[in-house]
Amino acid sequence: MRHVAMAEAHVWTRGSDLEEPRPRAKRDVVEELRRTRIVGCLRMRAHTARARLLAMDATRAALDAGLEAFEATLDSPHAVDVLQRIAESHPHVLLGAGTANDVRRVSTIEWKGLQFATSPTRAKETSTWMAQEEEHVLFVPGVATPTEARTAWCEDGATMLKVYPTRRETMQALRDVMPEAVLMASGGMQVEDVTEMIGADAHVVVLGSALFDLDDVASGNTRRIQERVRSAVRLAEEAGRKVAERNARRAELWEGIETRDSCAAG
């Protein structure tokens with residue numbers, strides 16, 4: 001039996017536990033993801049209670065090291081439980097569900113406390129369900145080609161696209177045909193790839209095993225997880241500053257020139 005759909009996603013402001021939650025619009029989630037730039041993605045394999053505790057330890061360690069956005073994949077054991085517990089203990093963190101491409105699974109979980117969901121594919125059925133039932137949760141569909149990107153952005157109304165799998169050439173091709181699209185890079189990247197991806201105009205970079213190495217999670221080596229998180233955050237901040245400077249120069253060059261609407265261009 002499905003949980004009752006929540007009316008709105010919430011965020012708790014920093015400070016007292018007595019503060020009331022306030023609604024967070026999807027556009028605000030997009031902007032906060034763009035600001036944080038890094039999403040840590042945890043995929044779990046084991047079904048044991050110990051594995052759940054180790055996943056919680058790894059996640060909390062990453063958040064304490066400066067990670068501000070986190071997702072757990074829905075094909076993982078304990079994913080929903082971990083997300084809900086983190087929502088309670090770290091209410092200021094952006095939380096999402098990954099691998100949200102199966103509408104049957106998506107429609108049976110509790111979305112309270114979660115702000116976004118990502119899919120490796122367009123997942124039109126899931127996108128439609130989310131818009132109807134969990135309208136305040138940002139859904140980020142996966143695309144791999146300019147055609148898929150245009151369909152998801154122009155026809156499905158997506159406000160962020162997950163480029164999966166990500167390569168620099170793919171990012172640049174999508175940027176050429178969809179300059180206004182907000183892009184999330186995901187799939188097989190290491191911490192050192194953050195600079196290149198953001199430099200290729202990825203607004204957000206998802207890091208999975210690059211942060212949450214399965215051996216480190218299983219052995220409780222939270223120190224290494226924190227080291228990787230700090231490195232990723234630092235690289236993202238540095239790359240973000242360079243991109244901002246580059247975009248400012250571009251804006252000066254293009255001042256007064258009308259930009260095209262990719263959806264209207266055909």
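Before reading on, note that the structure itself is shown above.
If you're wondering where the values come from, they're calculated on a predicted model, not measured in any experiment.

**Student:** Mind showing me how you'd approach helix H5 (residues 124-133) here?
**Tutor:** An α-helical turn contains 3.6 residues, so a residue and the one three or four places further along point in the same direction. Along H5, the positions that sit buried rather than exposed are Thr-126, Ser-127, Trp-129 and Met-130. Within H5, the buried residues cover an arc of 165 degrees as seen down the axis, which keeps them to one side. Residues Glu-125 and Gln-132 are exposed on H5 and point more than 90 degrees away from its buried face. Residues of H5 that are buried make contact with helix H4 (103-106), strand S6 (116-118) and strand S7 (138-140).

**Student:** Just to check I follow, could you spell out the pattern of salt bridges for this structure?
**Tutor:** Once their charged atoms are close, side chains differing in charge can pair, the charge on each being opposite to the other. With the rule as written, the count across this model stands at 13 salt bridges. Note that Asp-216 is salt-bridged to Arg-228, the shortest N-O span being 2.6 Å. With Asp-216 in helix H9 (residues 214-219) and Arg-228 in helix H10 (residues 222-253), this residue pair connects regions lying 12 residues apart in the sequence. On the basis of relative accessibility, which here comes to 3%, the residue Asp-216 falls in the buried class. Because the salt bridges share partners, they merge into one network encompassing Arg-52, Asp-81 and Arg-85.

**Student:** Teacher, can you tell me more about the nonpolar core here?
**Tutor:** Soluble globular proteins: nonpolar side chains tend toward being buried together. With 81 residues, the main nonpolar core has Leu-33, Phe-70, Trp-111, Leu-207 and Phe-212 as its most contacted residues. Considering each element in turn, this core owes the most residues, seven residues, to H10.

**Student:** When you look at the environment of Arg-50 in this model, what are you seeing that I'm missing?
**Tutor:** Positionally, Arg-50 belongs in helix H2 (residues 49-64). Spatially, the C-alpha atoms of Arg-50 and Ala-218 are 9.1 Å apart, while their sequence positions differ by 168 residues.

**Student:** How should the side chain of Arg-37 be read in this particular structure?
**Tutor:** Along the chain, Arg-37 turns up in the loop between helix H1 (26-36) and strand S3 (38-42). Buried within the structure, Arg-37 lacks any salt-bridge partner; Asp-201 is the closest side chain of opposite charge, at an N-O distance of 8.0 Å. If we ignore the near neighbours within four places in the chain, the residues touching Arg-37 are Ile-198, Ala-202, His-203, Val-204, Val-205, Ala-236 and Gly-240.

**Student:** So what exactly am I meant to see when it comes to the layout of surface pockets here?
**Tutor:** Where empty space is left can be seen by rolling a probe of water-molecule size over the atoms. Taken as a whole, the second largest pocket encloses approximately 420 Å³ of empty space. Lining the second largest pocket are 22 residues, with Cys-41, Arg-43, Thr-73, Gly-208 and Ser-209 sitting closest to its centre. Listing elements by their share of the lining of the second largest pocket, those giving two or more residues are S3, strand S4 (69-73) and strand S11 (204-207). Its residues assigned to classes, the lining of the second largest pocket comprises 10 nonpolar, eight polar and four charged.

**Student:** Would you mind showing me how to read the packing of aromatic side chains here?
**Tutor:** For any pair of aromatic rings, the description consists of the separation of the ring centres together with the inter-plane angle of the planes. With the rule as written, the count across this model stands at one aromatic pair. Positioned over the ring face of Tyr-164 is Lys-162, at 5.5 Å from the centre of the ring.

**Student:** Hey, could you run me through the state of the cysteines in this one?
**Tutor:** Evaluation of the coordinates by the stated rule reveals one disulfide. Across the disulfide from Cys-154 sits Cys-263; the S-S distance is 2.1 Å. Residues Cys-154 and Cys-263 share a disulfide whose torsion about the S-S bond is about -85 degrees; that sign makes it left-handed. Placement of the pair is Cys-154 in helix H6 (residues 146-155) and Cys-263 in helix H11 (residues 262-265), with a sequence separation of 109 residues. On the accessibility criterion, Cys-154 (25% relative accessible area) is partly exposed.

**Student:** Looking at this model, I keep getting lost on the pairing of S3. Mind explaining?
**Tutor:** Along any regular strand, the residues point their side chains to alternate faces of the sheet. For S3, the buried fraction is high: five of the five residues fall into the buried class. Neither face of S3 is left uncovered, since the one carrying Ile-38, Gly-40 and Leu-42 and the one carrying Val-39 and Cys-41 both have all their residues buried. Looking at chain direction, S3 and S11 are connected through three bridges and run parallel. Residue Gly-40 lies in a different strand from S11, and its bridge partner there is Leu-207. Note that S3 and S4 share three bridges and pair parallel. Counterpart to Leu-42 in the pairing with S4 is Ala-72. Where the polypeptide runs from S3 across H2 and back to S4, its parallel neighbour, the crossover connection is right-handed.

Scoring rules and cut-offs
Residues numbered from 1 in each chain as written. Predicted model: local features only at pLDDT ≥ 70, side-chain atom pairs only at ≥ 80, totals over all residues. Heavy atoms only, no water. Buried < 20%, exposed > 50% of the residue type's maximum accessible area, 1.4 Å probe, protein only. Helix = DSSP H or I, 4+ residues; strand = E, 2+ residues; numbered from the N terminus. Arc of directions from axis to C-beta. Contact = heavy atoms within 4.5 Å. Salt bridge = Lys/Arg side-chain N within 4 Å of Asp/Glu carboxyl O. Core = buried A, V, L, I, M, F, W, Y, C linked by side-chain atoms within 4.5 Å. Lys, Arg positive; Asp, Glu negative; His and termini not counted. 1 Å grid on protein atoms, 1.4 Å probe; cavity = no way out; pocket = protein on both sides within 12 Å on 5 of 7 lines; lining within 4 Å. Points joined across faces, edges and corners; volume = space filled by probe spheres on them. Nonpolar A, V, L, I, M, F, W, Y, C, P; charged D, E, K, R; others polar. Phe/Tyr/Trp six-rings, centres within 6.5 Å; stacked < 30°, edge-to-face > 60°. Lys NZ or Arg CZ within 6 Å of the ring centre and 35° of its normal. Disulfide = S-S within 2.5 Å. Pairing = 2+ DSSP bridges. Right-handed = clockwise from strand over helix to strand, strands pointing away.

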